[in-house]
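# Results of the structural survey
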Amino acid sequence: MSAMTPIAMTVGDAAGIGPEIVVKLHAQGLGAPCVVYGDTGSLTRACVSLALDLTIVELAPTDPLTDLHQQSGHLFVRPTKPALPSDLPLGFVDARAGAAAVQALCDAIDDALMGRVRAIVTAPLNKESMHAAGIDFPGHTEILAERSKTPHVAMMLVNDQLRVILTTIHIALADVSPTITTELELRTIELASLACRAMGIENPRIAVAGLNPHAGEQGKFGREDIEVIAPAIALARAKGLDASGPWPGDTVFMRARKGEFDICVAQYHDQGLIPIKYLGIDEGVNVTVGLPFVRTSVDHGTAFDIAGQGIADPSSLQAAFDLALRLTTHLVTEKNKG
């Protein structure tokens, strides 16, 4: 990987706002080379409907990707096949769009594993469309892990005020407690440290949120915080990590926002995502930690209710692209130092 290696950007579900926010971002200017993975026709139609002056260039799978930075005003596409129909209805679940979105993601993953792209930035998938196409994954994270053969990954959400990493992700709330083990908790704390160091924080202060109200209140509200989470924190500290807790989940994120901690470990999906999204969904970025490449994503869905209306905001995609660029620039700099 070098500074000239492009960033991959996937369109996501073409029936949603993905094509619109991708072309809007390219029209604004990215400041770094990029190749888009998705349906060419959907991107072209988005450009026409928005009256954007972009030249769309299709790339073959074997085309070199190192000279894309030399052509401003161009949007380079690694197209999915077969092409989606020109009359694909926007704002509705469609198996064809779901299949194309996953194909684009898999193509980007394969190129990232080969070092042809320096990172992957993803626009949103639609789970119903994926499932209609017979693709039974909860979301991006699980596809990324399986395709890259990565056994342990975690979802981290980032904005300008807070970093949160999740111990469990897309599972029912009733399954959270049985799923959390001391081993899983320790692994998530270690991934939190890895993520912060990749962002240039050498000795991150890691706050671990409790699972139960008041972190269990000394066992009155459940034993998991005492018997599962606290031992993982002790093991992490024995390894030299600055981990603390378990802290009550209703105050730990506020403390991190005020600067007391660099990252919070949340125990389940909504515990971690609610504080991030409350602070502003347009600026939030989703990062998959533990992969052999950098992956960032928007912190919102396909927004079928506004698809095709020209009002979708590309701010989260811009934030995801900027963070991918910063993370990979840091990796290149560290590699050159070594």
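Residues numbered from 1 in each chain as written. Predicted model: local features only at pLDDT ≥ 70, side-chain atom pairs only at ≥ 80, totals over all residues. Heavy atoms only, no water.

### Focus: the nonpolar core
We count it as follows: Put simply, a nonpolar core is a bunch of buried Ala, Val, Leu, Ile, Met, Phe, Trp, Tyr and Cys residues held in one set by side-chain atoms that sit within 4.5 Å of each other. In this scheme, a residue with accessible area under 20% of its type's maximum is buried, one over 50% is exposed, and one in between is partly exposed, where area comes from a 1.4 Å probe on protein chains only. A helix here means a DSSP run of H or I that spans at least four residues, while a strand means a run of E at least two residues long, and both kinds are numbered starting from the N terminus. Any two residues whose heavy atoms approach within 4.5 Å are treated as being in contact.
Membership of the largest hydrophobic core comes to 60 residues, with the highest contact counts inside it found for I165, I189 and F321. For this core, the element with the most residues is helix α11 (residues 315–337), which contributes seven residues. Contact partners of I189, with chain neighbours within four places excluded, come to I206, V208, A232, I233, A236, L241, A243 and V265. Listed in part, the 24 residues of the second largest apolar core include V35, A112, V117 and I143.

### Description of the environment of Q267
Operational definition: We call two N or O atoms a polar contact when they sit within 3.5 Å, provided that within protein one can donate a hydrogen and the other can accept it, with sequence-adjacent residues counted only if both atoms are side-chain atoms.
Within the secondary structure, Q267 sits in the loop between β10 (263–266) and α10 (269–278). Separated by 125 residues in sequence, Q267 and E142 place their C-alpha atoms 18 Å apart. If near-sequence neighbours (up to four positions away) are discounted, Q267 is found in contact with T167, T168, V176, I180, E185, V208, A209, G210, L211 and I229. A polar contact of 2.8 Å, which involves the side chain of Q267, links it to the backbone oxygen of A209.

### Concerning the packing of aromatic side chains
Heads up, the rule is: Here a Phe, Tyr or Trp ring, Trp counted by its six-membered ring, pairs with any other such ring whose centre lies within 6.5 Å, and the pair is stacked when the planes are under 30 degrees apart, edge-to-face when over 60, and tilted otherwise. Geometrically, a lysine NZ or arginine CZ counts as sitting over a ring once it is within 6 Å of the ring centre and also within 35 degrees of the ring normal.
Inspection of every chain in the model, using the stated rule, returns one aromatic pair. Here R255 stacks its cationic end above the ring of W247, 4.1 Å away from the centre of that ring.

### Topic: the packing of helix α1 (residues 18–28) against helix α2 (residues 40–50)
Packed helix pairs are characterised by how far apart their axes lie and by the angle those axes make with each other. What counts, and what does not: To obtain an axis, a line is fitted to C-alpha atoms, over the contacting stretch when the element is a helix, and the angle between two such axes runs from 0 to 180 degrees between their N-to-C directions. Oblique is the label for any angle not under 35 degrees, not over 145, and not in the 65 to 115 range, which are roughly parallel, roughly antiparallel and roughly perpendicular in turn. Helix crossings get a hand from a simple test, with the near helix turned counterclockwise from the far one by less than a right angle marking a left-handed crossing and a clockwise turn marking a right-handed one. Under the scheme applied here, ten amino acids are nonpolar (Ala, Val, Leu, Ile, Met, Phe, Trp, Tyr, Cys and Pro), four are charged (Asp, Glu, Lys and Arg), and all others, including Gly, are polar.
Interhelical geometry of α1 versus α2 gives an angle of 65° and a closest axis separation of 9 Å. Between α1 and α2, the angle falls in the class roughly perpendicular. The element α1 and its partner α2 pack so that their crossing is right-handed. In this structure, α1 uses P19, E20, V22, V23 and K24 to contact α2, whose residues at the interface are S42, L43, A46, C47 and L50. Residue classes in the contact of α1 with α2 are distributed as seven nonpolar, one polar and two charged.

### Considering the sheet that holds strand β9 (residues 242–247)
By way of backbone hydrogen bonds, the strands of a sheet pair with one another, either parallel or antiparallel. Selection criterion: A pair of strands is considered paired only if DSSP assigns at least 2 bridges between the two.
Taken together, the twelve strands give an open sheet; going across it, the order is β3-β4-β2-β1-β5-β12-β11-β6-β7-β10-β8-β9, and neighbouring strands pair in mixed fashion. The two strands at the open ends of the sheet, each matched to only one other strand, are β3 (55–58) and β9. When the angles between neighbouring strand axes are averaged without regard to direction, this sheet yields 25°. Summarising the sheet, strand β8 (residues 205–209) and β9 pair through four bridges and their orientation is parallel. Following the sheet pairing, A209 is matched in β9 by W247. Strand contacts of helix α3 (residues 95–113): β1 (7–10), β2 (34–38), β4 (74–79) and β5 (119–122), with the helix running at about 140° to β2, the strand carrying the most contacts. Along the sheet, helix α8 (residues 224–238) contacts β8 and β9; its crossing angle with β9, the most-contacted strand, is approximately 170°.

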